[in-house]
Structure formats: structure tokens, C-alpha cells
Amino acid sequence: MLWQNLREEEFYDAVEKCGKVCIVPIGCIEMHGQHLPVGTDTMTCQYIAEKAAEIEPVMVAPAIWYADVQGLTTWKGTINFSIPLILEMLTELCAEIARNGFKKIVLLNGHGGNISMLHTFVRSTMKDKKDYVVMTRNDFCYEVKHLVQDLDRGEVFPELTPEDIAYVRDFVASGGERGHACINETSVMMKISPDTVRLDRCDAVEGRSNHKADYLYNVGFKECTRFWSINQPNSYHGTAPYGANERIGEVILKKRIAAQVEACRALKKDDQILEWNEAWNRAW
Ligand SMILES: [Zn+2]
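Just so you know, the residues in each chain are numbered from 1, in the order the chain's sequence is written. Since the coordinates come from a predicted model, pLDDT governs what is reported: local features require at least 70, and pairs of side-chain atoms require 80 or more to be given and counted, while whole-chain, interface and lining totals use all residues. With hydrogens and water excluded, all non-hydrogen atoms of the structure serve as input to the side-chain values.

Asks: Go over the side chain of N109 with me, naming the residues and quoting the values.
Replies: Here N109 shows up in strand β3 (residues 104-109). Contacts of N109, omitting those with residues within four sequence positions, involve I26, C45, N114, I115, L118, R137, N138, D139 and F140. Secondary structure counts use DSSP, requiring at least four H or I residues in a row for a helix and at least two E residues in a row for a strand, with both numbered from the N terminus. Whether two residues touch is decided by their heavy atoms; if any such pair falls within 4.5 Å, the residues are in contact.

Shown next, in the form of C-alpha cells:
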């Protein structure tokens, strides 16, 4: 159920049919190598949210395209807003969604750089009395490593050719790097939006880590986008995915959509979090 497609009177039934669950896809606008569009993360989480909602009805709010890309402004195409502005926008957006009756709000995240900010935001919503709860979920829960594990367990993927399976197995076994604009995102985008992908440009810039900042990670430092940018100065983290294709993307998406469906079902069935939230409000 897509928020923007509903007429006013349809919202009353929608709240009940969706179990008060509303999904907000949130991605970003940032460079994805020279082979993927800058909107990759938002397009992907929006796609997963919408496809999952067709299977298990939940409300899907219009996606948030602008988010936390503090490390990637040296490249064209990136649009970066300050963290306080994004947090304020999320605060008002969630309040508006709740005012319309949806009390279980999920920020479905498609961008690794958003994780810290979204945790901060969710924590901030617990400070004051609210009649709704907010949570996050990452859409990138399944990738080629899991695909290989599933193949090893004997799962059959009719979408894949023997050559696809050999390629994916070899990519993972040989330590092919994966992280950003990598084999996963490239395959997924070849399925979602093939016209925007230029696979022939996947090695236009180096995507493999130079490991120059590993000594900082190795002693426990985290959450500094500068480290990531030192290791991946081209804002691309992945071994060039020459064999990526829409069939591999379809399998990854199928698994991610299934996981999102399962998450929505659990949340719709849940009868504890709003009760606990209400109890907390009374005790406040
Ligand atoms: Zn991405």
C-alpha cells in the first residue's frame, strides 16, 4: 500500500489493514563507483519495501532520498544534508505518520552510512511521551556470501545458470571484496533499473581497499567515515563485478523481500511494544 496513491477516505481502513505498521524507506544520494546511479540505495530499499508490502500489506511512506553521506562529498552527484536537519525532518515525519494512525514506524534503511544516525534518532524518540514507536531495519541483510551458504546447504535457485553459480562461488571463495557499489548492489540494480547501470564502467576506478587505515580499525576505532574514505578513496568498495547480472540480483532481492515480509508479519502480530510504550508513558 503506497501512501501517495491513497485517497483520503482510504486511510481509515488502511491503518487497520496494515496493523498500524508504516515503512519509511531511507537511502541516500551518493556516488556508487562509475557504474551505478547515485540513487542506488534509495531505489533499492524503496523497491524492497514496495514488493514486500504487496505480499504482506503494510503502509509504505514516500521514500527519503536525502540522508547521511558525510564522507562522500568530494564526488559529483552527492547531496549531503547536516545531521541535525535530517534528525529534525525524521522527528516531524514520524510524528505526522503517527498522527495519521500508524503507530509502528519502521525506517527501512538502504545505506550503511545511515546506521549510526538512525540509531541516534530512534533513541531520541524514546525521550518524551509518544503514542508510537520507531525502529530501524537494514534492507541489505542478504548478499552473495549467504547465497553461497544456501547453495552449500542444497538450496536450488532456478533463476541462476550454472555459469552464474560458478561465478558467485568463485567470487566469494577468492575473497572478492564487497561493500559499496559491489557485486551485490550492481546485480540488484541490474534487476531493478537496468538502464541506469553501466557494467562496462565497473573498473573505471579502483574499488578494492588499499588497507591504509586498517591499523586504526584493528585497534577498535569505529564510526569515522574518514577511515572508510582512506581505504576506499574512490568511494567504491568492491572487486570489479564483471559477472554481475540481473539473475543474481533477482535472487538477492527475493531473499531480502522475504526477510522484509517476515519482519512485517512479526511486527503486525506483535501486541507488546505499544503496550509497553503506553506503560512507560504512564510511569513518566
Ligand atoms: Zn549503496
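Asks: Residues and numbers for the side chain of T42, please.
Replies: Within the secondary structure, T42 is located in helix α2 (residues 40-55). In this structure T42 touches G27, C28, A63, I64 and W65, once residues within four positions along its chain are discounted.

Asks: Lay out the domain arrangement of the chain with the relevant residues and their values.
Replies: It is common to give the size of an interface as the accessible area lost on bringing the parts into contact. Residue ranges labeled as domains rest on an automatic or database domain assignment. Domain assignment breaks the chain into domain 1 (3-140 + 257-283) and domain 2 (144-253). A separation of 25 Å is found between the C-alpha centroids of domain 1 and domain 2. In this complex, domain 1 contributes 20 residues to the contact, which on the side of domain 2 involves 26 residues. Summed over both partners, buried area is the accessible surface (1.4 Å probe) that two parts give up on being assembled. With both chains or domains summed, domain 1 and domain 2 bury close to 1800 Å², and 64% of this area falls on carbon and sulfur atoms. The three residues of domain 1 that bury the most area against domain 2 are Q34, H35 and Y47, which together make up 32% of that side's buried surface. Whenever Lys or Arg places a side-chain nitrogen within 4 Å of a carboxyl oxygen from Asp or Glu, that contact is recorded as a salt bridge. Joining domain 1 to domain 2, the criterion identifies zero salt bridges. Under this definition, polar contacts are N or O atom pairs within 3.5 Å; protein pairs additionally need one hydrogen-donor-capable and one acceptor-capable atom, and for neighbouring residues in sequence, both atoms have to be side-chain atoms. Applying the counting criterion to the domain 1 and domain 2 interface returns eight residue pairs in polar contact (both at pLDDT 80 or more). With six residues, the top contributor of residues to the side of domain 1 that touches domain 2 is α2.

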